[in-house]
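This is what each chain is made of:
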Amino acid sequence: MDTNVFFKQLKMEFTRALCSFRSLALILLFAFLLPMGDLSYFCDVLQMPEVFSVWRIINYNMIMDTFKVLIVIILCCIHTRSFCDDYSSHYIRSILCRVDINTYAQCKALSVLIVDIIAGLTGFWCAVGWLRCLVPLMPSDKSEITTGNADFIFSHPYLYLFLLGLEFSLITSACGSIGLLFSSIKPNGFVTIALSGLAFFILLSYTAKGTAFDVYSVMLLDPVITHGKNSSLPDIMWALLYPLSVVWICGIGFRKCLHRRLNYGNI
């Protein structure tokens, strides 16, 4: 594989995904909706800001947010359906004149991962920023933090919030990768985005609760490996590797499906 060709193609994918007003609007919409999942709860925040904190609001909305599936769909709209656009416009034929099918598949899968991380973290920190104008960053008393990793959260609040935003972005990337895989089977943009949201809903609803595969616990960086008895590092590593493994498996499947399409002349 020619490294220069690979990075040029990857740069093109990033430019198409991020350098547009549409992408900026979707990121800002995500930043607005993230703390607004329960309007009655947010009204309480406005009325009694001294009782709340950024950590408490974000943590609550990660669990109770009625817009969470919509937020995943919004982030996936940025780049997940790009193969469908390439296919329907026949632009993929022009791309494959310059790069081979493996390079295209690898760049597409990697760009979905990185674009979702960039968009997710940008929107997440925009949400943290405007919430910080209303309430303190963390509770004044550590006893208010009831999760198993309270020491880590209270000692390293900015690192915890960064990891929380990164974890949500990675889970979104995993759902987007599932949508990308199915887009190689049925290149329809609406179906691709809908499947990404459906994948997130299924992961939240049907994964084994209280285990290392519980998406709610992983998303909140709860200690599903050490159960709060040891260092937070194993739990953080598992939280990062869990969605990345899904992205990797879907990327392999996407490449194989593209090879199958190419062999049958359906590109």
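Definitions and limits used
- Residues numbered from 1 in each chain as written.
- Predicted model: local features only at pLDDT ≥ 70, side-chain atom pairs only at ≥ 80, totals over all residues.
- Heavy atoms only, no water.
- Salt bridge = Lys/Arg side-chain N within 4 Å of Asp/Glu carboxyl O.
- Helix = DSSP H or I, 4+ residues; strand = E, 2+ residues; numbered from the N terminus.
- Buried < 20%, exposed > 50% of the residue type's maximum accessible area, 1.4 Å probe, protein only.
- Core = buried A, V, L, I, M, F, W, Y, C linked by side-chain atoms within 4.5 Å.
- Contact = heavy atoms within 4.5 Å.
- pLDDT = per-residue confidence, 0-100.
- Expected span 1.5 Å × (residues − 1).
- Polar contact = N/O pair within 3.5 Å; in protein donor to acceptor, adjacent residues only side chain to side chain.
- Patch = residues over 30% accessible without salt bridge, like charges linked within 9 Å, V, L, I, M, F, W, Y side chains within 5 Å.
- Areas by Shrake-Rupley, 256 points an atom, 1.4 Å probe, with all protein chains shown as cover.

A. Here's a closer look at the pattern of salt bridges. This structure, assessed with the given rule, holds five salt bridges. In this structure, the salt-bridge partner of glutamate 13 is arginine 16, at a minimum N-O distance of 3.9 Å. In this pair, glutamate 13 and arginine 16 are both assigned in helix H1 (residues 3-18), three residues apart and thus about one turn of the helix distant. On the accessibility criterion, glutamate 13 (0% relative accessible area) is buried. The salt bridge involving aspartate 86 is made with lysine 108; its shortest N-O contact spans 3.0 Å. Here the residue aspartate 86 occupies a position in helix H6 (residues 82-88), and lysine 108 occupies one in helix H8 (residues 101-132), the gap between them amounting to 22 residues. The exposure class of aspartate 86 is buried, given its relative accessible area of 1%. Residue lysine 108 is classed as buried on the basis of its relative accessible area of 0%. Members of the salt-bridge network, linked through shared partners, are Glu13, Arg16, Asp86 and Lys108.

B. Quick peek at the nonpolar core. Within the largest apolar cluster, 65 residues are counted, with the highest numbers of intra-cluster contacts made by Met62, Phe124 and Phe168. The element best represented in this core is helix H10 (residues 157-183), accounting for twelve residues. If we ignore the near neighbours within four places in the chain, the residues touching phenylalanine 124 are Phe30, Leu34, Ile58, Met62, Leu161, Leu164 and Gly165. Counting residues in hydrophobic clusters, the runner-up holds 14 residues, among them Ile92, Val99, Ile101 and Ala105.

C. Unusual backbone geometry, seen in detail. Residues other than glycine seldom take positive phi values, yet histidine 90 does so here, at roughly 65°. Its place among the elements puts histidine 90 in the loop between H6 and helix H7 (91-95). For histidine 90, a relative accessible area of 44% corresponds to the partly exposed category.

D. Summary view of the side chain of serine 184. For serine 184, the location among the structural elements is in the loop between H10 and helix H11 (189-206). The buried category is assigned to serine 184, whose relative accessible area is 2%. Setting aside residues no more than four positions away along its own chain, serine 184 makes contact with Phe83, Phe254, Cys257, Leu258 and Arg261.

E. Expanded view of the confidence of the model for the protein chain. With 93% of its residues at a pLDDT of 70 or more, the protein chain shows a mean pLDDT of 86. Least confident of the elements in the protein chain is helix H9 (residues 150-155), whose mean pLDDT is 78; most confident is H8, at 94.

F. Quick look at H8. In this model H8 runs 46 Å from its N-terminal to its C-terminal C-alpha over 32 residues, within 8% of the 46 Å that 1.5 Å per residue would give. One side-chain oxygen of the residue at the start of H8 lies 3.0 Å from the amide nitrogen of asparagine 102, identifying that residue as aspartate 100.

G. Local environment of the side chain of serine 23. Along the chain, the position of serine 23 falls in helix H2 (residues 21-33). Setting aside residues up to four positions removed in sequence, serine 23 forms contacts with Ala17, Leu18 and Ile78.

H. Up close: a nonpolar patch on the surface. A cluster of nonpolar residues, Leu198, Phe201, Ile202 and Tyr206, forms a patch on the protein surface that exposes about 430 Å² of accessible area. Structurally, tyrosine 206 is set in helix H11.

I. Representation of the environment of valine 247 within the structure. Note on placement: valine 247 falls in helix H13 (residues 233-263). Residue class for valine 247 comes out buried when judged on its relative accessible area of 8%. Beyond its immediate sequence surroundings of up to four residues, valine 247 is in contact with Leu113, Ser173, Ala174 and Ser177.

J. Expanded view of the environment of valine 112. For valine 112, the position within the fold is in helix H8. Separated by 68 residues in the primary sequence, valine 112 and leucine 180 have C-alpha atoms spaced 8.3 Å apart. Every residue in contact with valine 112, bar those within four places of it in the chain, is listed here: His79, Thr80, Ser173, Gly176, Ser177 and Leu180.

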